[in-house]
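Working through the structure, step by step
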Amino acid sequence: LHGFSWLRGLAAAAPRETAAPNAELIAARWLDGQGETMKGPAWSVERAGERLLAWLVHAPLVLSGDEPKMRPRMLRAIEQTARWLDRNVAKEQDRLASATGWAAIVAAGLLLPDGRPRRVFGEAGLLRALGDMVSPDGGVLSRSPLAQMQAIGLIVDLDACYEAVRRTPPAALQAMLQVLVPPLLALRHGDGGLGSWQGAGAISAHALAGLVAASGVRTRPARDTRHWGYQVASAGRSILQFDAAPPPRPRDARFGCASTLAFEFSHGASRIVVNCGGSEQAGGATPARIEQGLRATAAHSTLVLDDANSTAILLHGQVGRGVEAVDVARMASGPGARQAIRLEASHDGYASRYALVHRRILALSADGLELRGEDVLEPSGKRGKRGKVGFAIRFHLGPGIEAGLSQDKRGAGLSLPDGSYWQMRLGGDIGDAELAIEESLWVDGDGRPHGTSQLVIEGLASRSGGRFPWLLKRMG
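Here's what I pulled together on the structure shown here. Keep in mind it's a predicted model, so treat the numbers as computed, not measured. (Residues numbered from 1 in each chain as written. Predicted model: local features only at pLDDT ≥ 70, side-chain atom pairs only at ≥ 80, totals over all residues. Heavy atoms only, no water.)

Quick word on the layout of surface pockets
The test is simple: Site definitions follow a grid-based scheme: protein atoms alone, a 1 Å grid, a 1.4 Å probe that fits but cannot get out for cavities, and for pockets an open set with protein on both sides within 12 Å along at least five of seven lines, plus lining residues having an atom within 4 Å of a point. Grid points are joined across faces, edges and corners, and a volume is the space filled by probe spheres set on the points. Only DSSP runs of H or I reaching four residues or more are called helices, and only runs of E reaching two or more are called strands; each is numbered from the N terminus.
The volume enclosed by the second largest pocket comes to roughly 430 Å³. Along the wall of the second largest pocket there are 16 residues; nearest its centre are A186, A222, R223, D224 and V232. Of all the secondary-structure elements, those providing two or more residues to the lining of the second largest pocket are α9 (171–186) and β1 (230–235).

Below, the structure is given as structure tokens:
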């Protein structure tokens, strides 16, 4: 609401004659309540930047209504917001918020009278902010696909402003757009939408395709996103996404999640194993009170020790101590076109508390119809400790999947929406651990929660270590 991002949807939903009176009415009510205060959540650098950029890009909706007093009032609000950002943008520590503020200053410099000094000031700040927030392979340091989309959207909106005044954008800005799009495309599932990582919901194929088309970038998905922290493997119609990095550093985190060594797996248009996602969108259809829970390790498809997060989850989207190092190996095995892809990674998030390291091995067959996994707990010191600790390996299931447990509680059948049937089986000697089906939820790209199920391997693990193999396979 405070960022006025709804103007984009309104502009797309109706002709200007219909949309403008609605936009003007809402904007007038917002100005009545928030326009003069310059305090509270509406007046953060990020919200003010979003709002100013939206007002300028969609000016026909807020400046061309039937109310004669509204136009000078909006123009005054635009200039006041621009001056507020001039004074406050350099104080902002969050990198995406800073980039949003700088982008709005550039837009104001382009579209408001006598704006050249402001534009030059804004361009320098924007390029610096974008450079500081992007990793070597083009992924934003918050590791959030939603933040990646927001960064791309800023440049797309700015391009429209440059085009409106017939100016050529800085070459570095266009180069940054070329860098940002390929990593985002790498995190697409078979349905064309994005995986649920670092607070983002499952952004739809329609929303993603619209943004990429607006960017004008024509490119292939990035093949190597290890700096961003994700390993992606595809075979046949299956796609495997693997979080093989620590959570973002505190200065980069926005809705940081303790998701290290979680994975998502899809086949065709069906998402089979997912993460709950959506913490960044909590506060609307998804209740704000469960935001921290959605960021927890248990909300991701990975191993949890003693119901504890692998990295501490703090308030306001921040993360604390936990995973510091992740070792990753990727290899292919088998002849020619029938090579299986094997991913192996380990993290030290539980080492200080339980003296155990979690290692996960995932092997995707060449036809994509079989995913073999093994979760290994290894002593972090030379000698393992005595006793046992509770563990749970969670596999959150995608929407529309019906799960049924086998009689021996070592397997489960999964009926997918496309009519196919998959089976999960536990392997080897895993002691007293059993497979169970529990409730879960999954947040879609619009921030709406959906009730789903999860498979849980649960039991007690020796403090001296243990191995827990499993197999997910399409049947028939």
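Picking up after the structure, the text goes on.
A short note on the sheet that holds strand β11 (residues 402–405)
The condition that has to hold: In short, DSSP must find at least two bridges between two strands for them to pair. Helix axes are fitted to C-alpha atoms over the stretch in contact, other axes to C-alpha atoms as well, and angles between N-to-C directions run from 0 to 180 degrees.
The 8 strands lie next to each other as β6-β7-β8-β9-β16-β13-β12-β11, forming an open sheet whose pairing is antiparallel. A single partner strand is all that each edge strand has here, and the edge strands are β6 (326–333) and β11. Looking at each pair of strands side by side, their axes are set apart by 15° on average, direction ignored. Strand direction decides the pairing type here: strand β7 (residues 340–347) and strand β8 (residues 356–364), joined by 7 bridges, are antiparallel. When the sheet's bridge partners are listed, A345 is paired in β8 with R360.

Considerations on the state of the cysteines
Each disulfide is one covalent bond, formed between the sulfur atoms of two cysteines. Basically, it comes down to this: Defined by distance alone, a disulfide is two cysteine sulfur atoms within 2.5 Å.
The full count for this structure, using the stated rule, is 0 disulfides. Its sulfur unpaired, C257 is 10 Å from the next cysteine sulfur, which belongs to C276.

A short note on empty space enclosed by the protein
Taken as a whole and judged by the stated rule, the model has 1 cavity of 30 Å³ or more. By volume, the largest cavity is sized at about 80 Å³. D94, R95, L96, M133, V140, L141, S142, R251, D252 and R254 together form the lining of the largest cavity.

What about the environment of L177?
To keep it simple, the criterion reads: Relative accessibility thresholds used throughout: buried, under 20% of the residue-type maximum; exposed, over 50%; partly exposed, between the two (1.4 Å probe, protein chains only). Only heavy atoms enter the contact rule, under which two residues are in contact if any of them lie within 4.5 Å.
Examined against the element boundaries, L177 turns out to sit in helix α9. Residue classification places L177 among the buried residues on the basis of a relative accessible area of 1%. L177 sits 39 residues away from G138 along the chain, and the two C-alpha atoms are 9.3 Å apart. Not counting the four nearest positions on each side in its chain, L177 is found in contact with I152, I155, D159, S215 and V217.

Digging into helix α7 (residues 116–133)
Owing to its 3.6 residues per turn, the α-helix brings residues three or four apart onto one side. Our working definition: To estimate the expected span of a helix, count its residues, drop one, and scale the result by 1.5 Å.
Spanning 18 residues, α7 covers 26 Å between terminal C-alpha atoms, matching the ideal 26 Å at 1.5 Å per step. What α7 keeps buried is the set R118, R119, G122, E123, G125, L126, A129, L130 and M133. Of the surrounding secondary structure, the elements contacted by the buried residues of α7 are α5 (70–88), α6 (95–111), α8 (145–164) and α9.

Remember, this is a structural readout, not a statement about activity or role.
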